[in-house]
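Below, each chain spelled out in residue letters.
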Amino acid sequence: MGETHHDHHDHSHTPPPIGVPPMSVGLGGPLSGPRGATFTPEEQLHQLTFCIHSNPSWPEMFLLAFQHYIVTLGTTVMIASFLVPRMGGDHGDKARVIQTLLFMGAINTLLQTFLGTRLPTVMGSSFAFVIPVAAIIRDFSDSGFNSEHDRFVHTMRAIQGALIVSSFFNIIIGYSKAWGTYSRLFSPVSIVPVVCVVGLGLFQRGFPMLAQCVEIGLPMLILLVIVQQYLKRLHESTYVILERFALLMCVGVVWAFAALLTVSGAYNDVGEQTKTNCRTDKSHLLSAATWIRVPYPFQWGPPIFRASHVFGMMGAALVTSAESTGTYFAAARLSGATPPPAHVLTRSIGLQGIGMLLNGIFGAAVGPTASVENVGLLGLTHVGSRRVVQLSCIFMLFFSIFGKFGAFFASIPLPIFAAIYCVLFGLVTATGISFIQFANNNSMRNLYVLGLSLFLGISVPQYFNNFSNIAGHGPVNTDGGWFNDIINTIFSSPPTVALIVGTLLDNTLDARRYVEDRGLGWWIPFQHRNGDMRNDEFYAYPIRISELVPSRFL
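Computed from a predicted model, the values in this text were never measured in an experiment.

**Notes on the overall build of the protein chain**
Of regular secondary structure, the protein chain possesses 23 helices and 2 strands. Along the first, second and third principal axes, the C-alpha atoms of the protein chain reach 80 × 60 × 55 Å. Among the 554 residues that make up the protein chain, the fraction classed as buried is 56%. For the protein chain, long-range pairs separated by at least 24 residues make up 85% of all intrachain contacts whose partners lie at least 6 apart in sequence. Of the roughly 23,000 Å² that the protein chain leaves accessible, carbon and sulfur atoms contribute 65%. Side-chain charges of the protein chain comprise 32 positive and 30 negative groups, with the mean position of each set lying 5 Å from the other.

Have a look at this one:
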């Protein structure tokens, strides 16, 4: 993992203000006062113990891979717990949906790490699909069915059809190189807000969810910070163990504490919502899951195709492209790789479309996206190894097929996951901030682009989501349901809004005049296939595969 040092110079071309002595302007004047140490920009993080293509020992890798599986579980269970009851499904249906989402997550992760970005990113389930899926659920809520289970199956078949057709949107914008062409408009200035809101935009899954059962969520958060950051420094022999596996240890301790509260009767006389959030036996997954079940194509029946459902899903497909792009840049930074070039982003989005097609064929409830929390785990453990993430697929496949074993871990109370997310999402957000070192962060023009992109990236989706929660539909509520779904889905996504605003402002506000301030001198070589010799080291296909793929797709 080679380190390259770049010095930043003062790019200001503005003369001193009239009437102000020249010596009072700039860094060296008498008004500046004492100066401390300065730090030059670093392309790679020195604190990474293992980068993208270096690996720990096999026992450590399996433990780290299992840790990635545990982190993946949280979002998977949240999505299934939110959607399946609204479809009319029971606990058994929820267990099967979770199994299918995990199974497809493993398949999509293997595809991306071998043939897509090749970054150590887990492909998890995306909340971006909740809005179009909720629209499909509403369409069938008043229809006459013999039972709630029939309504669930019919809704799943409609979701399958919408996922299958809308997947071609990502396939087209990916393999036509349209997304790669758009990514050439990026710069360090526009990437900072996108990566930041990839983490910040998920704040509702942090402390607000933790507070739903504060007696187990808050101890989890405090214990994780203390063990992983403070206790590891007490003795040299425990430093590595606590740095890499503190999350796993803390989950075990707090989960046992939650089980103790459950069996002691602490939640016997509380509200139903508190029982659901705090008790370890309220998920009903362990009793409902089958011992062995392999997800198979069209397991819910033949797909149902409706144009109105497809358009909403296409909006979600665009959103996941923006979300995954921001997550890939964070993953590259936390695994010691160069920023992903345009041709890598375009093939990854195309492959994500293929993954969405497979999700539709196998009957997953939502489409895939790059998991933000798993990227945060790379930074928490200081292990950015690609092989660790690939090994996590073994656990996802095993626990998706052997349902009883998977249901045991899926019964971890969600506030425990929320406490983990407070740390992991925060790490991804801070990783986004670190990209500003490659641009001139003393430029008022850059500060304007950053500030407006960040604020609108959080504020606009918050307005759309609050409006939907109160009114039962998004702010855009025309006679065209498909149009409503597309617009409401796009503007409910923080990374998508930040990407739109950031690239628009950065490429229209004196873009040519501020080429150096924008950091393009450092940025552009990484965006071309042969622009930097390290690009192939991190992103080339595995040996011999490149011989089988037409060069226009490489």
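There is more to say, and it comes next.
**What about a nonpolar patch on the surface?**
A grouping of F207, V214, L218, I222, V225, I226, Y230, L231 and L234 is seen on the molecular surface, where their side chains present a nonpolar patch of about 790 Å² in accessible area. The biggest single contributor to the nonpolar patch is helix 8 (residues 214–230), with 6 residues. Inspection of the secondary structure assignment puts L218 in helix 8.

**Quick notes on helix 17 (residues 414–434)**
An ideal rise of 1.5 Å per residue puts 30 Å on 21 residues; helix 17 measures up with 30 Å between its terminal C-alpha atoms. In helix 17, a bend of some 30° at Y421 exceeds every other bend along the element.

**A closer look at helix 18 (residues 444–471)**
For the α-helix, the turn length of 3.6 residues means that residues three or four positions removed from each other point alike. If you check helix 18, its first and last C-alpha atoms are 40 Å apart, about what 28 residues at 1.5 Å a residue would give, namely 40 Å. Taken together, the buried positions of helix 18 are occupied by R445, N446, V449, L450, S453, G457, P461 and F464. On its buried face, helix 18 is in contact with helix 6 (188–200), helix 19 (481–490) and helix 20 (494–508). One or two steps after helix 18, the chain reaches G472, where phi turns positive at roughly 85°.

**Describing the pattern of salt bridges**
For side chains bearing opposite charge, pairing can occur when the charged atoms are close. Taken as a whole and judged by the stated rule, the model has 10 salt bridges. Note that D93 is salt-bridged to R96, the shortest N-O span being 2.4 Å. Within this pair, D93 and its partner R96 are both found in helix 2 (residues 91–115), separated by 3 residues, close to a single helical turn. Under the relative-accessibility criterion, D93 is labelled buried at 0%. Shared partners join several salt bridges into a network, and the residues in it are R445, D506 and R518.

**Section: the packing of helix 2 against helix 13 (residues 342–362)**
Axes are the key here: two packed helices are described by the angle between their axes and the distance separating the axes. Between helix 2 and helix 13, whose axes approach to 10 Å, the crossing angle comes to 155°. Here helix 13 runs roughly antiparallel to helix 2, going by the angle between their axes. Crossing handedness for the pair helix 2 and helix 13: right-handed. Here helix 2 contributes T100, F103, M104, I107, N108, L111, Q112 and L115 to the contact with helix 13, which in turn contributes R347, S348, L351, Q352, G355, L358, N359 and F362. Class assignment of the residues belonging to the contact of helix 2 with helix 13 gives a composition of 8 nonpolar, 7 polar and 1 charged.

**Overview of the packing of aromatic side chains**
By the definition in use, this model includes 32 aromatic pairs. With a centroid separation of 5.8 Å and 25° between ring planes, the pair formed by F464 and F491 is classed as stacked. Taken as a pair, F464 in helix 18 and F491 in the loop between helix 19 and helix 20 lie far apart in primary sequence, 27 residues in all. Between W522 and W523 the ring centres are 5.9 Å apart and the planes differ by 50°, which places this aromatic pair in the tilted class. Each member of the pair, W522 together with W523, is buried. A connected cluster of aromatic rings, assembled from ring pairs, spans F66, Y69, W255, W291, F395, F398, F399, F402, F405, F408 and F409. Over the ring of F82 we find R86; its NZ or CZ atom is 3.9 Å from the centre of that ring. It is R333 that lies over the ring of F435; its NZ or CZ is 6.0 Å from the centre.

**What to know about the side chain of T429**
Mapped onto the secondary structure, T429 falls in helix 17. Setting aside its immediate chain neighbours within four residues, T429 contacts V195, C196, G199 and L200.

**Quick notes on the packing of helix 12 (residues 307–334) against helix 19**
One can describe the packing of helix 12 onto helix 19 by two numbers: an axis separation of 8 Å at closest approach and a directional angle of 15°. When the axis of helix 12 is compared with that of helix 19, the two are roughly parallel. Where helix 12 crosses over helix 19, the two elements pack in a sense that is right-handed. Contacts from S308, F311, G312, G315, A316, L318 and V319 in helix 12 reach W482, D485, I486, T489 and I490 in helix 19. Partitioning the contact of helix 12 with helix 19 into residue classes produces 7 nonpolar, 4 polar and 1 charged.

**Points about unusual backbone geometry**
Look at F298: it is not a glycine, yet its phi comes out positive at around 55°. If you trace the backbone, F298 turns up in the loop between helix 11 (285–288) and helix 12. Assessed through its relative accessible area of 37%, F298 is described here as partly exposed. We note that D510 has phi near 50°; this positive angle belongs to a residue other than glycine. With respect to the helices and strands, D510 occurs in the loop between helix 20 and helix 21 (520–523).

Calculation rules
Residues numbered from 1 in each chain as written. Predicted model: local features only at pLDDT ≥ 70, side-chain atom pairs only at ≥ 80, totals over all residues. Heavy atoms only, no water. Helix = DSSP H or I, 4+ residues; strand = E, 2+ residues; numbered from the N terminus. Buried < 20%, exposed > 50% of the residue type's maximum accessible area, 1.4 Å probe, protein only. Contact = heavy atoms within 4.5 Å. Areas by Shrake-Rupley, 256 points an atom, 1.4 Å probe, with all protein chains shown as cover. Lys, Arg positive; Asp, Glu negative; His and termini not counted. Charge placed at Lys NZ, Arg CZ, Asp CG, Glu CD. Patch = residues over 30% accessible without salt bridge, like charges linked within 9 Å, V, L, I, M, F, W, Y side chains within 5 Å. Salt bridge = Lys/Arg side-chain N within 4 Å of Asp/Glu carboxyl O. Expected span 1.5 Å × (residues − 1). Bend = angle between axes of the 7 residues up to and from the residue. Axes fitted to C-alpha atoms, helices over the stretch in contact; angles between N-to-C directions. Parallel < 35°, antiparallel > 145°, perpendicular 65-115°, else oblique. Left-handed = near helix turned anticlockwise from the far one by under 90°. Nonpolar A, V, L, I, M, F, W, Y, C, P; charged D, E, K, R; others polar. Phe/Tyr/Trp six-rings, centres within 6.5 Å; stacked < 30°, edge-to-face > 60°. Lys NZ or Arg CZ within 6 Å of the ring centre and 35° of its normal.

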